[in-house]
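Results of the structural survey
Single-letter residue listing:
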Amino acid sequence: MTGAAVDPKAAGAAALDAARDGRVDVGKKVAFGEADKDKKAGDKERRWRMPSRYQVAEKLGQGSYGCVCEAHDAEQGCKVAIKRTDHLFDDAMDARRTLREVAILSLLRHDNVVRLLDVFAPGDGLSDFNELYVVMELCDSDLKKLCRSATWLSALHLRRMLWTLLCGLKYVHSAGIYHRDLKPANCLVNQGCDVKICDFGLARAVGGEGSSKEEVNLLARQQQPARHLTGHVVTRWYRAPELILLQEEYTELIDMWSVGCIYAELLGMYEGIDPRDRGPLFKGTACFPLSPHGKGQELAPPAAGAYRHAKEDQLEMIFNVIGTPTDVEASPGGQLTPGLQKQGEDLQEVG
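Residues numbered from 1 in each chain as written. Predicted model: local features only at pLDDT ≥ 70, side-chain atom pairs only at ≥ 80, totals over all residues. Heavy atoms only, no water.

1. Here's the deal with the confidence of the model for the chain
Summary statistics for the chain give a mean pLDDT of 76 and a share of 66% for residues scoring 70 or more. Taking the mean pLDDT of every element in the chain, the minimum, 42, falls on helix α1 (residues 8-21) and the maximum, 97, on strand β9 (residues 195-197). pLDDT under 50 marks residues 34-45. Its contacts with residues more than four places away, or in other chains, come to 23 contacts. Note that pLDDT drops below 50 for residues 220-229; the model gives that stretch 19 contacts with residues more than four away or on any other chain. (pLDDT = per-residue confidence, 0-100. Helix = DSSP H or I, 4+ residues; strand = E, 2+ residues; numbered from the N terminus. Contact = heavy atoms within 4.5 Å.)

2. A few points about the environment of Gly 201
Relative to the helices and strands, Gly 201 resides in the loop between β9 and β10 (204-205). When its relative accessible area of 9% is taken as the criterion, Gly 201 is described as buried. Gly 201 sits 96 residues away from Leu 105 along the chain, and the two C-alpha atoms are 9.9 Å apart. Filtering out sequence-adjacent residues up to four positions away, Gly 201 remains in contact with Arg 97, Arg 100 and Glu 101. (Buried < 20%, exposed > 50% of the residue type's maximum accessible area, 1.4 Å probe, protein only.)

3. Examining the layout of surface pockets
The computed volume of the second largest pocket comes to approximately 1300 Å³. Around the second largest pocket sit 40 residues that line it, and Tyr 65, Val 68, Lys 83, Asn 186 and Asp 199 are the ones nearest its centre. Those elements that place two or more of their residues in the lining of the second largest pocket are β1 (54-63), β3 (78-85), α2 (92-105), β5 (132-137), β6 (141-142) and α3 (143-148). (1 Å grid on protein atoms, 1.4 Å probe; cavity = no way out; pocket = protein on both sides within 12 Å on 5 of 7 lines; lining within 4 Å. Points joined across faces, edges and corners; volume = space filled by probe spheres on them.)

4. Remarks on the sheet that holds β6
The strand order β6-β8-β9 describes an open sheet built from three strands, whose pairing is antiparallel. Looking along the sheet, the strands with just one partner apiece sit at the ends: β6 and β9. Two elements, strand β8 (residues 187-189) and β9, share three bridges in a ladder whose sense is antiparallel. When the bridges of β9 are listed, Val 189 appears paired with Val 195. (Pairing = 2+ DSSP bridges.)

5. Some details on the pattern of salt bridges
All chains considered together, the criterion is met by 10 salt bridges. Note that Glu 131 and Arg 49 form a salt bridge whose closest N and O atoms lie 3.2 Å from each other. Of this pair, Glu 131 sits in the loop between β4 (116-120) and β5 while Arg 49 sits in the loop between α1 and β1, placing them 82 residues apart in sequence. Taking the relative accessible area as the measure of exposure, Glu 131 reaches 4% and is therefore buried. Taken together, the shared-partner salt bridges in this structure form one network comprising Arg 53, Asp 73 and Glu 75. (Salt bridge = Lys/Arg side-chain N within 4 Å of Asp/Glu carboxyl O.)

Written out as C-alpha cells, the structure reads:
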C-alpha cells in the first residue's frame, strides 16, 4: 500500500509548519497489511490465565521474556495488548527489569508513550506466582514490522513519525528517565503515523525537572545512591559511541543517537526504494568490548595483550559512515562543526 502522493519539499515544509502549532495532518492514513501481524491463531502452547473480562484474540509476538497477545476487554469494550512475562523469578535481572518497567510506565502519561492499563498475576497466593500480565493500549504495528513490509511512505509521513517520537522522548527525558533501548521494535505506530514509545525494561530514572515529576524523581533517588549507570544497554545497531567506549557518566543523548539511527532506517521507506534495500544504518556484527565475539572475530592470544576485531565491528561501521571526530571535536569542551551547529539551531526553532 502506498502513502499519499505528496511532494517531498512541500511535505517537509508543511510538516514543520504544522508541527510548530500542533496541527499536523498526514492526509491519507498508512495501511498496515495483514503480513504485519503474526497470524498464529491464539497461543496453543500455554493457557493464558487471565480475568474473564479479557478474551485472547491472537498472538502478536514472542521473545525470551514471554509473549504478547491482542485481547478484547469486555468491560471497556476495546482491544488491548497483554504482555505475559514467564518464569518471572527465575532470573533476578529479568525480574528487576519487569518491576522497573511497571513502576515507570505507571507514572508516565503522554500521547506518545504507550499507556499502562492494568497489571495482574494469576493464582490466589505466592505459591504459584511466577508470571505477570501487563495490559497496555494496542497499536497497529511497530516500526520494525513497518520497515520490513512492502509499504512506502511520503516525506510528510516520515516527518510525522519522527516528530511524535521526539515528542514522546522529550517527555520521558523531562521526567529524568533514560530509555536506553530505543529501536524500531520498541516504537509502536498507528495508521495516523503517531509513534508511541514502549518497553521500558532497560530504562533508568535518574531524576528530572519540575515538581510534576516528584514520584519519578523519588524512584530515581531510590534506584541510584551512587548514580552508577550500566554500560551494556541499547541494542547494538542503535548504540551510541559513548556506550561502546564504556563512558561511565553518559546522558540522555544516548537516546537521541538511537533516534537518529531509527530515522535513517525509516528514510528507506521513501516511495521508489526497494524494501530489500532497507536496513539499519550501522549494521555491525560485534561490539568490542561489550559483545566482542561476532562473526569472523577472534581474540588474540592472552600473552599478546592485543585484540583483533572484525571489519564489521560496531564502532568501525560508524566510522565508515560518518568518519572520525576532528581534534577539536574530540578535545574537552570541543565545539560542533558549523554544519552540525546550524542543524541544531534549526531543530530548536522547530521546537
